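Architecture at a glance
As a plain string of letters, each chain reads:
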Amino acid sequence: MTRQRPPRSSASRRTSAQRGGQQPGKPTGKPLGKLRIIGGEFRRRQLPVLDSPGLRPTPDRVRETLFNWLGQQLYGQQVLDLFAGTGALGIEAVSRGASWVDFIERDPRVAAQLSTNLASLNITASAVHVNDVQAYLMRPAKPYTLVFLDPPFHQQLAAPCCSALENSGWLDNEAMIYLETETSLAPKVPANWLLHRETQAGESTARLYQRQAP
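Residues numbered from 1 in each chain as written. Predicted model: local features only at pLDDT ≥ 70, side-chain atom pairs only at ≥ 80, totals over all residues. Heavy atoms only, no water.

Looking at the environment of Val-49
Put simply, the rule is: Labels follow the DSSP assignment, with helices taken as runs of H or I lasting at least four residues and strands as runs of E lasting at least two, numbered in each case from the N terminus. Three labels apply to residues, based on accessible area from a 1.4 Å probe with only protein chains included: buried if under 20% of the type maximum, exposed if over 50%, partly exposed otherwise in between.
Checked against the element boundaries, Val-49 lands in strand S2 (residues 46–50). In this structure Val-49 comes out as buried when scored by relative accessible area, which is 2%. For the pair Val-49 and Lys-34, spaced 15 residues apart in sequence, the C-alpha separation works out to 5.5 Å.

In structure tokens form, the structure reads like this:
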């Protein structure tokens, strides 16, 4: 969850036309600002954010709320960060003990900056995949224990991504799934995903689900 929709200032990762690399922007290659890690091993470390249209780190308070929800459940987790952007959520997960993170980001230059930031932290238990999220979810699956899903707003991507995660073998029996959508959307999720926590920030609503094996 690392991008904002100008001029919105709530918990979003990119403009609805740009987030998750659905329609990549044209980065200048110049640093725009800093992403601050808020917890765990890399707490207070600051990472450069690429100057790409709409690309902004998610506010600290939003990430803090999410990781308070997750508590001490990060140790040993296998994590999938979809529509990764700056990778703030996945990096926070590694900082707090996750054993592996796969980052999915379509925009090659945004993905390259993410790879550079991971290297600067000496994070080797991760991989950055330059790919469209829906195409990636069509690949042979492996189960994850935690998934971050923050698709672009108003593009009807939440439901198909949730369905692909559930039906194609991407989720551990008791996986946690973080989903952020526009507040106007009542997301359609699999029946065996139980709502664990929910909060609203501006025009976005964040939900954390606990999967039960069918």
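Having put the structure on the table, let's press on.
Quick word on the nonpolar core
Quick reminder of the rule: In this text, buried Ala, Val, Leu, Ile, Met, Phe, Trp, Tyr and Cys residues form a nonpolar core when linked through side-chain atoms within 4.5 Å. The contact rule is simple, with two residues in contact once any of their heavy atoms fall within 4.5 Å.
Counting 31 residues, the largest nonpolar core has Leu-66, Phe-67, Leu-70, Ile-91, Phe-148 and Tyr-178 as the members making the most contacts within it. Sorting the residues of this core by element identifies S2, helix H1 (60–70), helix H2 (88–95), strand S4 (100–104), helix H3 (108–120), strand S6 (144–149), strand S7 (171–182) and strand S9 (204–211) as the ones contributing at least two each. Leaving out residues up to four positions away in the same chain, Phe-67 has contacts with Leu-74, Leu-89, Glu-92, Ala-93, Arg-96 and Phe-148. In terms of nonpolar packing, the next biggest core, distinct from the first, is built from 23 residues, Leu-82, Val-133, Cys-161 and Cys-162 among them.

Regarding the pattern of salt bridges
Short version of the rule: For salt bridges, the criterion is a side-chain nitrogen of Lys or Arg within 4 Å of an Asp or Glu carboxyl oxygen.
Applying the stated criterion to the full structure yields 6 salt bridges. Between Glu-92 and Arg-96 there is a salt bridge, and its shortest N-O distance comes to 3.4 Å. Where salt bridges share partners, they join Arg-63, Glu-92 and Arg-96 into one cluster.

Re unusual backbone geometry
You will see that Phe-83, though not glycine, has its phi angle at about 55 degrees, which is positive. Tracing the backbone through its elements, the reader meets Phe-83 in the loop between strand S3 (78–82) and H2. Notably, Asn-122 is not glycine yet its phi reads approximately 60 degrees, a positive angle.

A short note on the sheet that holds S6
The cut-off we apply is this: Only strands joined by at least two bridges in the DSSP assignment are considered to pair. Between N-to-C directions, angles cover 0 to 180 degrees, with each direction set by a line fitted to C-alpha atoms, over the stretch in contact for helices.
Pairing is mixed in the open sheet, where 7 strands are placed in the order S5-S4-S3-S6-S7-S9-S8. Among the strands making up the open sheet, the edge pair consists of strand S5 (126–129) and strand S8 (193–201). Recorded for the sheet is a direction-independent mean angle of 15 degrees between the axes of neighbouring strands. As judged from the 4 bridges shared by S3 and S4, these two strands associate in the parallel manner. Opposite Asp-81, over in S4, you have Phe-103 as the bridge partner. Sitting on the sheet, H3 touches S4 and S5, and the angle it makes with S5 is about 170 degrees.

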